[in-house]
Amino acid sequence: MGEFKVHRVRFFNYVPSGIRCVAYNNQSNRLAVSRTDGTVEIYNLSANYFQEKFFPGHESRATEALCWAKGQRLFSAGLNGEIIEYDLQALNIKYSMDAFGGPIWSMAASPTGSQLLVGCEDGSVKLFQIIPDKIQFERNFDRQKSRVLSLSWHPSGTHIAAGSIDYISVFDVKSGSTIHKMLVDRQYMGVSKRKCIIWGVAFLSDGTVVSVDSAGKVQFWDSATGTLMKSHLIANADVQSIAVSDQEDSIVVGTAEGTVFHFQLVSVTSNSSEKQWVRTKPFQHHTHDVRTVAHSPTALISGGTDTHLVIRPLMEKVEVKNYDAALRKITFPHRRLISCSKKKQLLLFQFSHHLDLWRLGSTVATGTVESMCLLAVSPDGSWLAASGTSAGVHVYSLKRLKLHCTVPAYNFPVTAMAIAPNTNNLVIAHSDQQVFEYSIPDKQYTEWSRTVQKQGFHHLWLQRDTPITHISFHPKRPMHILLHDAYMFCIIDKSLPLPNDKTLLYNPLPPTNESDVIRRRTAHAFKISKIYKPLLFMDLLDERTLVAVERPLDDIIAQLPPPIKKKKFGT
């Protein structure tokens, strides 16, 4: 790999915002995530969980609810009292509408996706009709005495459950009237609390309403009689979120202690048709409050104050034991936040609402159809490559100011790309970890790229779960491609053979005391370093100098609010 002088940068004070809501879309297999700064992200779970779309936040938008509706339409609502619909093609806000109920705490789309419910600060539950290009107010339900913090539709669409403070209401959708009001016990560990907040509700097909509350309980209610059937005390703090699988045989809940609990519907005995809900598995992948959860067909999804998006696969649901079966913890954006001026030795840092420009010191060691997310300019200023959200790449001539060519379509989104000096070859990385090299002058893939696709990459390379975010080139070594993700830096030497699955990918060279003949015979194209991590950016300033921008996770955790203090035995 050679020796480099490295500018090891740790002054990029980037702190991701906490996760407030997640919403899973079963039809498109996409996950919408909203953060506390109003940012909304879209992850394509079929494309190796890649963050394919991004809506910048704003300090005036505090998102409290997020949901998908019919026709792949995405809505959010928050404490400013507005309902927002997002334009998933133009990547901007399509429109916003005041619900006239004060801050909005909850929202849910009907099972058919044609109606939208919101729960407001003033106790009102408002029903909107979803029509082409907008939503239209239909009517109010019976007003409650306190804010409506959670909502859930019955799968038939005939009834809804609404969680407030100290009680749960069941409404008839047709009349808007309250059918039942179920009072929640304020007792917590034998002590009566002043209030019991119903943070989440789920309405099941058999009429069961499942609630989670600030007293640390998961409770099962009979909506027909308004009576409590079963109660589980699972935490010493709030249970803040709940989600149910489509088959209604699995429930996931998140707590303020950072724990995620899994409930499953199991038979009472092996020969019995009677079933009951049983708490089966607790998971501790968060350090702070788990504010939101979702349930996909194959995984439990959670997010919260610690900024991590955690996807834990259900092993019994995963058919093929590949990287889909691995636990994922997504912390950093799947896009580059840093740019480098090599000549001036400047770094440009992108934050949510501002940019920072830093100068490096010395070291002793067309289309208005879709938005363009990635740009790459050739070093000679002749070509511009642009990639949008549809995984397509278009190359433009900057001298003629027109489209030169379009790279053949590929099924997975582009995560990084760059144009090599001298050759004007475009190197493209995709979310499934494939890397292509395309000759812009010849308008075709290079011979090296064709060889790679014929032989295939090493299985360990393809099983990595973080995308490549930056690609660059060595100024004196045209056969070298430099790229990195959050946890490794790699140099691909195109003059060497590709590793096969029987070869060690991360430790390719034998000991130095081996003969040169053996070393050359066992060497392969991939040279990988995991010294710098989490790695947000790395590039060559010149042929002997690297700049590496790291953001240690401990530094992020240190700036978050303290988690709930847990009393340890004997103290």
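Since this is a predicted model, take the numbers as computed values, not measurements.

**Q** Account for the domain arrangement of the protein, with residues named and values stated.
**A** According to the domain assignment, the protein consists of domain 1 (19-244), domain 2 (245-330) and domain 3 (338-360 + 373-558). A C-alpha centroid distance of 42 Å is found between domain 1 and domain 3. With both sides pooled, the region where domain 1 packs onto domain 3 buries about 840 Å², and carbon together with sulfur makes up 59% of that total. The interface formed by domain 1 and domain 3 holds 0 salt bridges in total. At the surface where domain 1 touches domain 3, the tally comes to 2 residue pairs in polar contact (both at pLDDT 80 or more). Considered class by class, the residues forming the side of domain 1 that touches domain 3 number 3 nonpolar, 4 polar and 4 charged.

**Q** Lay out the pattern of salt bridges with the relevant residues and their values.
**A** A complete count under the given rule lists 15 salt bridges for this structure. The partner of Arg35 in a salt bridge is Glu41, and the shortest N-O contact between them spans 2.9 Å. Like Arg35, the residue Glu41 is buried in the burial classification. Notably, a salt bridge pairs Arg464 with Asp485, separated by 3.1 Å at the nearest N-O pair. Within this pair, whereas Arg464 is found in the loop between helix H2 (459-462) and strand S43 (470-474), its partner Asp485 is found in the loop between strand S44 (477-484) and strand S45 (489-493), the two being separated by 21 residues in sequence. Each member of the pair, Arg464 as well as Asp485, is classed as buried. Residues joined in a network through salt bridges with shared partners are Arg8, Arg10 and Glu550.

**Q** Before we move on, could you go through the pairing of S45 and cite the residues and values that matter?
**A** Counting buried positions along S45 gives 5 out of 5 residues, so the element sits mostly inside the fold. Neither face of S45 is left uncovered, since the one carrying Phe489, Ile491 and Asp493 and the one carrying Cys490 and Ile492 both have all their residues buried. Of the strand pairs in this sheet, S44 and S45 are connected by 5 bridges, and their pairing is antiparallel. The residue bridging Leu483 from the neighbouring strand is Cys490, located in S45. As consecutive antiparallel partners, S44 and S45 are separated by 4 residues.

**Q** Tell me about the sheet that holds strand S30 (residues 309-313), residues and numbers included.
**A** One open sheet holds the 4 strands; their spatial order is S28-S29-S30-S31, and the pairing between them is antiparallel. Lying at the two open borders of the sheet, with one neighbouring strand each, are strand S28 (292-295) and strand S31 (328-330). Averaged over all adjacent pairs, the angle separating strand axes in this sheet is 15 degrees, with direction ignored. As paired strands, strand S29 (residues 299-303) and S30 are joined by 5 bridges and run antiparallel to one another. Along S30, the bridge assignment pairs Leu300 with Arg312.

About the criteria used
Residues numbered from 1 in each chain as written. Predicted model: local features only at pLDDT ≥ 70, side-chain atom pairs only at ≥ 80, totals over all residues. Heavy atoms only, no water. Domains from an automatic or database assignment. Buried area = accessible area lost by both parts, 1.4 Å probe. Salt bridge = Lys/Arg side-chain N within 4 Å of Asp/Glu carboxyl O. Polar contact = N/O pair within 3.5 Å; in protein donor to acceptor, adjacent residues only side chain to side chain. Nonpolar A, V, L, I, M, F, W, Y, C, P; charged D, E, K, R; others polar. Buried < 20%, exposed > 50% of the residue type's maximum accessible area, 1.4 Å probe, protein only. Helix = DSSP H or I, 4+ residues; strand = E, 2+ residues; numbered from the N terminus. Pairing = 2+ DSSP bridges. Axes fitted to C-alpha atoms, helices over the stretch in contact; angles between N-to-C directions.

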